Amino acid sequence: MGKVAINIATGSLQQNDTIVGIDLGTTNSLIAIVREDTKQPIALKEIDGLALVPSIVYFDAYGNVTVGTQAIDFLINEPERTIYSAKRLMGKSYKDIKTDAGFFAYTIIDDDTDALVKIQIGNQFYSPIDLSSYILKELKKRAEHILKTSVTKAVITVPAYFNDSQRQATRDAGRLAGLDVLRIINEPTAASLAYGLGMKEHEEKTIAVYDLGGGTFDISILTINNGIFEVLATNGDTYLGGDDIDNLIVNFWSDAIDIADINNKSYKQELRMMAEKAKKFLTYYEVFEGSANGKELRITKGELNRLIQPLIDRTITCCANALKDAGLKATQIDAVVMVGGSTRMPLVKECVKAFFGRELYDQLNPDEVVALGAAIQADILAGNNKEMLLLDVTPLSLGIETMGGLMDVLIPRNSKIPVKAGRQYTTQKDGQASMRIAVYQGERDMVTDNRKLAEFNLTGIPGMPAGLPKVEVTFLIDADGILKVSAKELRSGIEQSIDVKPQYGLTDEQVESMLWDSLSHAKEDIGTRALVEATTEAEQMLATTEKFLHKHHELLTNEEIEITKASMQELMIAINEKDKNKIQQCTESLNEISRPYAERVMDAAIKDAMRGKKIV
Ligand code: ADP
Ligand code: MG
């Protein structure tokens, strides 16, 4: 499989090609494209009229694989050979899922608790990546059949809370299925895109995405700003969804049924199917009447609502928690997007509407929106949507190295190009004649974690005390994505510049992985930055005190010199120990000790001045 050429500066592909959007769901998966003629996204349907492919994989004794609707029946008769909910296992070790193991009717191997889980069927072993790849292969086949062309490139969605290894696993599954996965995007982001949210320039919105699927509930709070989505908070329940509603209905009917019948496996499954049917029916009608195994089954909308109210209440609690984590009030949410088949239920809509106090985005099929949004993202990548944002932006932040190896950003990522930015810097040492300008690209706080693009020296700075020279560093990115960095000392006018091509040499995946890196290391980075800043301040304090002791020791008593030196010693130890709090404390105490000295120098200087002159 060849690599695709992507112009990272524009976020577009070099050649035109159909790129599909895929929602790889826990319960159902589907594939969508943006139609060339209408420019509208559509979910691809076979002649059976169904877009949804149940995420179920059945393996027969000969190694043949059946995916989707035809695999459902095997859930009852051959549960140990029929895999559902493989998504729950993506990128997980046995340790991660130990408490949930009872949920799965098939065999999960527990060979090494830190290794990624494997599933045993007969004498064969499958990883969740293998299993997902079968679902993706089925979707690919379906799309090729419908579109009558080969499909090799895809955007695949994942839950917003998926970590690096879960995203990587999803990517690998795509690759195994013969798909070049151009992007992994968050499900709530895709759903928002499907409603056109975030597609306008300068659009600033806070969005809540409520996703109640077959087995999981997710609430995500996002902001969209100038085409950039950011996840503020996620919450939910990984074991709460439509299946639980079906079980509630089964239990509701169970009272009227013989115990012997309930213990019959296939009868129970039949009841569950009836329950799902009733649930869907009551979305549109008041009373459901049916039968299973000769028994009359009946449930009204009111009865169903009473059954599911506690379940909905739990989702609302999750919403409240997500808002709290995001530091927002319900009234600050601009749009509420409904996702997942279970949000078709009127009571769910009613409760969510009441909680957020606003109308819902629920006009599209809730089980299709994620795939539709993925198709829109795919279309943007294909370069078909020319007016779309995210074009012509810098994929990563650009900046220079400052004291202590910190990254000082001049042009933040996603800035529209062409763009120009400048900032003034100064020297650290007296008489410093040159200044090193090192240019980096990336989102991390320490330059060593970012990517170095270029370096040059601004030389010939006239001798001045530290802090006096004014060096203006300017970044300019032209329309072709070429970065020009220049540095000018404003007092003397000396100047130097360099051309850099920041976009070259980075693949789309590298950009993405650098972004992920920065997200996953954000906490750690804040800690490092605080330490570096404390250390820099401490070192400056030490240098000033040292200079003072050297120049003005006659103004201090021996005891004072002793105390000062001891305090300096302690600060140096703290710096060595890299203990931020201790560094700050010691800097503080050294400052306390030396503060009065400065006054003495001033007094002495005034006395000196008075000695020669007479004030009249
Ligand atoms: P997932 O994202 O978990 O793969 P989906 O979004 O496809 O799942 O949602 C599947 C769930 O939606 C199933 O439990 C199904 O019964 C439920 N569902 C679909 N249509 C309706 C409806 N009209 N009323 C209630 N539930 C529905
Ligand atoms: Mg889903």
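This report concerns the structure included in the present document. Computed from a predicted structure; not experimentally measured.

1. Considering empty space enclosed by the protein
The full count for this structure, using the stated rule, is five cavities of 30 Å³ or more. Reported here for the largest cavity is a volume of approximately 80 Å³. As for the largest cavity, its lining consists of 14 residues, and the residues nearest its centre are Glu 187, Pro 188, Asp 211, Asp 218 and Ser 220. Only helix H5 (187-194), strand E15 (204-212), strand E16 (217-225) and strand E17 (228-237) provide two or more residues apiece to the lining of the largest cavity. Among the elements that take part in the lining of the largest cavity, E16 stands out by supplying three residues, more than any other. Here the residues of the lining of the largest cavity are counted per class, giving eight nonpolar, three polar and three charged. Two domains share the lining of the largest cavity, each providing at least three of its residues, namely domain 1 (20-195 + 366-381) and domain 2 (200-363).

2. Points about the site of ligand 1
Of all residues adjacent to ligand 1, which total 17 residues, the nearest are Thr 27, Asn 28, Glu 276, Lys 279 and Gly 341. Interatomic distance of 2.6 Å between a side-chain N/O atom of Glu 276 and an oxygen atom of ligand 1. Side-chain polar atom of Thr 283 to a nitrogen atom of ligand 1: 3.0 Å apart, as the coordinates give it. For ligand 1, the protein covers 92% of the area, taking 580 Å² as the surface of the free molecule.

3. A word on a nonpolar patch on the surface
Taken together, the side chains of Phe 281, Tyr 284 and Tyr 285 define a hydrophobic patch exposed on the protein surface, amounting to about 350 Å² of accessible area. Its place among the elements puts Phe 281 in helix H8 (residues 265-281). On the accessibility criterion, Phe 281 (33% relative accessible area) is partly exposed.

4. Some thoughts on the packing of aromatic side chains
One pass over the structure, following the stated rule, counts 17 aromatic pairs. Aromatic side chains Tyr 58 and Phe 74 sit 3.6 Å apart centroid to centroid with 0 degrees between the ring planes, which places their arrangement in the stacked category. In this pair, Tyr 58 sits in strand E7 (residues 56-59) while Phe 74 sits in helix H1 (residues 74-77), placing the two residues 16 residues apart along the sequence. Under the relative-accessibility criterion, Tyr 58 is labelled buried at 6%. Take Phe 74: its relative accessible area is 23%, and that puts it in the partly exposed class. These aromatic residues form a ring-pair network of at least three members: Tyr 84, Phe 103, Phe 104, Tyr 106 and Tyr 239. One Lys or Arg, Arg 88, reaches over the ring of Phe 103 and ends 4.5 Å from the middle of that ring. Over the aromatic face of Tyr 239 sits the side chain of Arg 88, whose NZ or CZ is 4.2 Å from the ring centroid.

5. Comments concerning the side chain of Arg 81
Relative to the elements of secondary structure, Arg 81 occurs in the loop between H1 and strand E9 (82-84). There is a polar contact of 3.3 Å between the side chain of Arg 81 and the backbone oxygen of Asp 60. In this structure, Arg 81 is in contact with Val 57, Tyr 58, Phe 59, Asp 60, Ala 61, Ile 121 and Gly 122, ignoring residues within four places of it in sequence.

6. A short note on the sheet that holds strand E25 (residues 435-441)
Ordered in space as E23-E22-E25-E26, the four strands form an open sheet in which the pairing is antiparallel. For this open sheet the edge positions go to strand E23 (406-411) and strand E26 (451-458), each flanked by a neighbour on one side alone. On average, each strand axis in the sheet is tilted by 30 degrees relative to the strand beside it, whichever way the strands run. Judged from the three bridges that link them, strand E22 (residues 398-402) and E25 form a sheet pairing that is antiparallel. Residue pairing for E25: Gly 399 is matched across the bridge by Tyr 440.

7. With respect to helix H13 (residues 522-552)
Across its 31 residues, H13 extends 44 Å between first and last C-alpha, which sits within 8% of the 45 Å expected from 1.5 Å per residue. Those residues of H13 that sit buried are Asp 525, Val 532, Ala 534, Thr 535, Thr 536, Ala 538, Met 541, Leu 542, Thr 545, Phe 548, Leu 549 and His 552.

8. Notes on the sheet that holds E7
Within a sheet, neighbouring strands are paired by backbone hydrogen bonds and run either parallel or antiparallel to one another. Taken in spatial order, the three strands of this open sheet run E8-E7-E9, and their pairing is antiparallel. Here the strands that pair on one side only, and so sit at the sheet edges, are strand E8 (65-67) and E9. The mean angle between the axes of side-by-side strands here comes to 20 degrees, regardless of whether they run parallel or antiparallel. In this sheet, E9 lies alongside E7 in antiparallel orientation, the contact comprising three bridges. In the strand pairing of E9, Ile 56 is matched with Tyr 84.

9. Comments concerning the environment of Met 345
The residue Met 345 is located in the loop between strand E20 (335-339) and helix H10 (346-356) in this model. Sequence-wise, Met 345 and Thr 283 are 62 residues apart; in three dimensions their C-alpha atoms are separated by 5.3 Å. With sequence-adjacent residues up to four places away left out, Met 345 is seen in contact with Ile 245, Lys 279, Thr 283, Leu 304 and Ile 308.

10. Structural notes on the packing of helix H9 (residues 301-326) against H10
Interhelical geometry of H9 versus H10 gives an angle of 35 degrees and a closest axis separation of 9 Å. Relative to H10, H9 is oriented so that their crossing is right-handed. Judged by residue contacts, Lys 301, Asn 305, Ile 308, Gln 309, Ile 312, Ile 316, Cys 319, Ala 320 and Leu 323 of H9 engage Pro 346, Leu 347, Val 348, Cys 351, Val 352, Phe 355 and Phe 356 from H10. A per-class count over the contact of H9 with H10 returns 13 nonpolar, two polar and one charged.

Calculation notes
Residue positions are given per chain, counting from 1 as you read along its sequence in written order. Labels are handed out in written order, letters beginning with A for the chains and numbers beginning with 1 for the ligands. A pLDDT threshold of at least 70 governs which residues receive local features in this predicted model, and a stricter bar of 80 or more applies before side-chain atom pairs are shown or counted, although totals over entire chains, interfaces and linings include all residues. Only hydrogens and water are removed before side-chain values are computed, so all heavy atoms of the structure are retained for them. Each cavity reported here is a set of points on a 1 Å grid over the protein atoms alone in which a 1.4 Å probe fits but cannot get out, each pocket an open set with protein on both sides within 12 Å along at least five of seven lines, and each lining residue one with an atom within 4 Å of a point. Grid points are joined across faces, edges and corners, and a volume is the space filled by probe spheres set on the points. Strands are runs of DSSP state E lasting at least two residues, helices are runs of H or I lasting at least four, and both sets are numbered from the N terminus onward. For this classification, Asp, Glu, Lys and Arg are treated as charged, while Ala, Val, Leu, Ile, Met, Phe, Trp, Tyr, Cys and Pro are nonpolar and the rest, including Gly, are polar. Each domain's extent was defined by an automatic or database domain assignment. Note on terminology: near, applied to a residue and a molecule or strand, indicates that one of the residue's heavy atoms is within 4 Å of it. Pairing of N or O atoms within 3.5 Å defines a polar contact, subject to two protein rules: one partner must be a possible hydrogen donor and the other a possible acceptor, and residues neighboring in sequence count only if both atoms are side-chain atoms. Only the protein chains shown count as cover for residues, and the accessible areas themselves come from Shrake-Rupley with a 1.4 Å probe. Residues enter patches when their relative accessible area tops 30% and they take part in no salt bridge; the joining distance is 9 Å for like charges and 5 Å for the nonpolar side chains Val, Leu, Ile, Met, Phe, Trp and Tyr. Should a side-chain nitrogen of Lys or Arg be within 4 Å of a carboxyl oxygen of Asp or Glu, the pair is scored as a salt bridge. Each residue's exposure class comes from its accessible area (1.4 Å probe, protein chains only) as a fraction of the maximum for that residue type: buried when under 20%, exposed when over 50%, partly exposed otherwise. Each aromatic pair joins two rings of Phe, Tyr and Trp (for Trp, the six-membered one) with centres within 6.5 Å, and gets the label stacked for planes under 30 degrees apart, edge-to-face for over 60, and tilted for any other angle. The criterion is that NZ of a Lys, or CZ of an Arg, lies within 6 Å of the ring centre and within 35 degrees of the ring normal, and then a charge sits over that ring. Should any heavy atoms of two residues lie within 4.5 Å, those residues are counted as being in contact. Following DSSP output, two strands are said to pair if at least two bridges run between them. Orientation is described by lines fitted to C-alpha atoms, with helices fitted over the stretch in contact, and by angles between N-to-C directions that extend from 0 to 180 degrees. By this rule the span expected of a helix is its residue count minus one, scaled by 1.5 Å. We call a crossing left-handed when the near helix sits turned anticlockwise from the far one by less than a right angle, and right-handed when that turn is clockwise.

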